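# Geometric and topological summary
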Amino acid sequence: MTIDANTIRHLSEASVSVELQTEDMTLNIGPQHPSTHGVLRLVARVDGERCFDVAPVIGYMHRGYEKLSEVRTYPQITTIVNRIDWVSGYANEVPFIVAAEKLMELEVPERAQYIRLILTEMARISSHLVFNASYPLELGAATPLFFALRERERVLDLLESVTGGRFHPNFNRIGGVKPAYGSGSNTRKQPQDLPAGFFAETRDAMDKVLEAVDQLEDLVAGNEIILARTRGVGILPPEVAAAYGVSGPNLRASGVAFDLRKTQGYLPYDRFDFDVITAENGDCWDRWYVRLAEIRESVKIVQQAVDSIPSGDLQAKVPKVIKVPKGETYVRAENPKGEMGYYLVSDGGGGPYRLKIRSASFSNISILPWILEGILVPDIIAVMGSLDFVLGDVDR
Amino acid sequence: MSSSPSETATHPLQEFADRVAEAVGGTAEIQFDTVKVRLAPENWVQAHVTARDQLDLVFFSWLSAIDWANEVAAGDTLNEEVEERIELMTALSDLTDGNLVVLSTDLPTANPAIPSLVGVYAGANWHEREAYEMFGIDFEGHPNLIHLYLPDSFVGNPLRKSFPLLSREVKPWPGTVDVEAMPESSRSDEPSTENPDA
């Protein structure tokens, strides 16, 4: 068949003369969407395949923890803060407990601090493994999920063996960690320590996690589709990230070597050798890479801590009814998702006068209107997934 | 504010606190390793510009408020009477040494208003919306001052101390005892062996 040039010209002229109706469409994404780890709604103006003026609508999971804290006692609040970022529940407790201990001027026994540190790093490994499971899945690669969740289960089993809980350990006590009492006539009075065989199992599990991290890297880093969908997509410059308060792996992926574990001293991290992982470009790929590589660093910390944990008490001497002296302090910690902090105002009573909860995901997703501006609709999932947020941590 | 032992000796953060206070034109206090600089409301926006541009405090951590009130509807009342006010606070940090400063100013409890920081730190947008709905603070010049968490029709400012907590109104807690006593026996004074926290 030959193409008649005249016909083509005729057609193209005709199409120019017709007034095309180009109207923007408003697209509602959510409130339910599998890639959001909670309930989030996005309202976007879509022009063809590009979206503009993205407005996240949050609050579907708002539970009012700051108000609830004002009518609760300090030991009760650890139960609440566990549920802020439930993917790493243990890590949420630590800065709150440290803030209360700071006002009480308590010296926490070394062993308790080491146990807190080991469990915090386990929470970080487990949180980053969830990201490494779900992010490739959101991009269409199902296999890494099984590798990552298998290892996460190993870590959660260890957490459970110590604390009794997988997601909400509620294991920290003001002055230390929870001593376990047995029910036998002898063990009732002797607080139990870590479960038998914990160190051997931890060493074993950490070796296996390292192996799995290598496997995950092979699986994902060699996948051309994932590379094509993440390289150069959703670039976040460091100065924009800082102005929005984006913290944690998302900030380090933009090239800022800032880690509160190195600067704050809320747990004895200065005794361990580990690197702050950064990347250069701040795109989705870098955010994936930083979280993968941070698992290796956390494994390094756990291995060193297990080898050097001192013996001693699990709790400082604290009164049975806890009253925190008058004062104000802000304690922040490097949680898996970024900076988590508590501004604690006490008036000398059994509960706080005011507790401001600074959660990482809230600031991390406040960047969404900026980072999604003019992006392709299919890239929304790639960018949102790479920010690794939990809606419980956004809404509080 | 109460004094803490850390204030008597020279605190490692004292030099940083003095430097910030001088640059932004406020007064510094250190409580339990937290540097707070008190400002006049007129200096609010300018102090943040100075902190960002001259002190390298580029990281906007959070913005929130405290309702200092003598009458509270939920929770414990203060032991001493305070001057009723809304204390507005922001936390700014550098991204090198981990130094953090809390900038704070006082607003009247009735109709608190202050210029918005969105032009200085873009991240203030959501935090100010949260403070707007939770405390009723009007941020002048905010581009989109609408509710963040709560439904549009919600009335009241939940984190104000005058806002009651409904569940506590319906059933006060902890009542007389956690578990109601059996009718024939009064509550035993012996400590329970079942629950060491009770």
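Small disclaimer: the values here were computed from a predicted structure and weren't measured. (Residues numbered from 1 in each chain as written. Chains lettered and ligands numbered in written order. Predicted model: local features only at pLDDT ≥ 70, side-chain atom pairs only at ≥ 80, totals over all residues.)

## Observations concerning the overall build of chain A
Within chain A one finds 16 helices and 9 strands. The buried share of chain A, reckoned over its 396 residues, is 52%. In chain A, of all internal contacts separated by at least 6 residues, the share reaching a separation of at least 24 is 72%. (Helix = DSSP H or I, 4+ residues; strand = E, 2+ residues; numbered from the N terminus. Buried ≥ 20, exposed ≤ 12 C-beta atoms within 10 Å, placed from the backbone. Contact = placed C-beta atoms within 7 Å.)

## A closer look at the pairing of strand β8 (residues 354–358) of chain A
Residue and element names in this part refer to chain A. Most of β8 is tucked away: 5 of the 5 residues are buried. Along β8, one buried face is formed by R354, K356 and R358 and the opposite face, lined by L355 and I357, is buried too. Two elements, strand β7 (residues 338–346) and β8, share 5 bridges in a ladder whose sense is antiparallel. For V345, the partnering residue across the bridge sits in β8 and is R354. (Pairing = 2+ DSSP bridges.)

## As for the nonpolar core
The nonpolar side chains of a soluble globular protein tend to be buried, and buried together. The biggest cluster of nonpolar side chains holds 151 residues, and the ones touching the most others in it are A100, M122 and V209 of chain A together with L92, V101 and I137 of chain B. When near neighbours in sequence (up to four residues on either side) are disregarded, L92 of chain B contacts A51, L57, F59, F60, S61, L100, V101 and L103 of chain B. (Core = buried A, V, L, I, M, F, W, Y, C linked by C-beta atoms within 7 Å.)

## Description of helix α7 (residues 198–221) of chain A
Residues and elements named next belong to chain A. If you check α7, its first and last C-alpha atoms are 33 Å apart, about what 24 residues at 1.5 Å a residue would give, namely 34 Å. Looking at α7, one finds that the buried residues are T202, A205, M206, V209, A212, V213, L216 and V220. Structurally, α7 contributes buried residues whose contacts are with α5 (110–138), α6 (143–163), α8 (224–230) and α12 (284–308). (Expected span 1.5 Å × (residues − 1).)

## Describing the packing of α7 of chain A against α12 of chain A
Residue and element names in this part refer to chain A. α12 packs onto α7 with a crossing angle of 165 degrees between their chain directions and a minimal axis gap of 10 Å. In this view, α7 runs roughly antiparallel relative to α12, as classed from their interaxial angle. In the crossing of α7 with α12, the sense of the turn from one axis to the other is left-handed. Contacts between α7 and α12 involve F199, T202, R203, M206, V209, L210, V213, L216 and E217 from the former and L292, I295, R296, V299, V302, Q303 and V306 from the latter. (Axes fitted to C-alpha atoms, helices over the stretch in contact; angles between N-to-C directions. Parallel < 35°, antiparallel > 145°, perpendicular 65-115°, else oblique. Left-handed = near helix turned anticlockwise from the far one by under 90°.)

## What about the interface of chain B and chain A?
With 37 residues of chain B at the interface, the matching set in chain A holds 39 residues. Of all the secondary structure elements, the ones that give two or more residues to the side of chain B that touches chain A are β3 (59–68), β5 (100–107) and α3 (124–135) of chain B. With 6 residues, β3 of chain B is the single largest residue contributor to the side of chain B that touches chain A. Its residues assigned to classes, the side of chain B that touches chain A shows 21 nonpolar, 11 polar and 5 charged. (Nonpolar A, V, L, I, M, F, W, Y, C, P; charged D, E, K, R; others polar.)

## Topic: the sheet that holds strand β2 (residues 41–47) of chain A
Residue and element names in this part refer to chain A. Pairing in this open sheet of 4 strands is antiparallel, and the strands run β1-β2-β3-β9 from one edge to the other. Only two strands of the sheet have a single partner each, and these edge strands are β1 (25–29) and β9 (375–376). Two strands pair when backbone bridges link them, and β2 and strand β3 (residues 50–57) are joined in this way by 6 bridges, in the antiparallel orientation. Looking across to β3, one finds that V46 is bridged to C51.

## Concerning the pairing of β2 of chain A
All names here are of chain A. Summarising the sheet, β1 and β2 pair through 5 bridges and their orientation is antiparallel. For L27, the partnering residue across the bridge sits in β2 and is A44. Linking β2 to β3, which pair antiparallel, is a turn of 2 residues; within it G48 sits at a positive phi near 65 degrees.

## Looking at the sheet that holds β8 of chain A
Residues and elements named next belong to chain A. On the basis of which strands lie adjacent, the open sheet formed by 3 strands has the order β6-β7-β8 and antiparallel pairing. Looking at which strands have only one partner, the edges of the open sheet turn out to be β6 (327–335) and β8. On average, each strand axis in the sheet is tilted by 10 degrees relative to the strand beside it, whichever way the strands run. Contacts between helix α4 (residues 89–104) and the sheet are confined to β6 and β7, with β6 contributing the most and set at about 150 degrees to the helix.

## Details of unusual backbone geometry
Leaving glycine aside, a negative phi is the common case for residues, and trans is the common case for peptide bonds. Non-glycine residue E105 of chain A carries a positive phi angle of around 55 degrees. Looking at where E105 of chain A falls in the secondary structure, it is placed in the loop between α4 and α5. The backbone of D56 of chain B sits at a positive phi, close to 65 degrees, despite the residue not being glycine. Examined against the element boundaries, D56 of chain B turns out to sit in the loop between α2 (44–53) and β3. Its 15 C-beta neighbours within 10 Å are what place D56 of chain B among the partly exposed residues.

## A closer look at the confidence of the model for chain B
Residue and element names in this part refer to chain B. Per-residue pLDDT for chain B averages 82, and the proportion of residues at 70 or more is 82%. Mean pLDDT values over the elements of chain B span from 77, in helix α4 (residues 166–170), up to 93, in strand β4 (residues 85–93). Note on the complex model: pTM 0.83, ipTM 0.83. (pLDDT = per-residue confidence, 0-100.)

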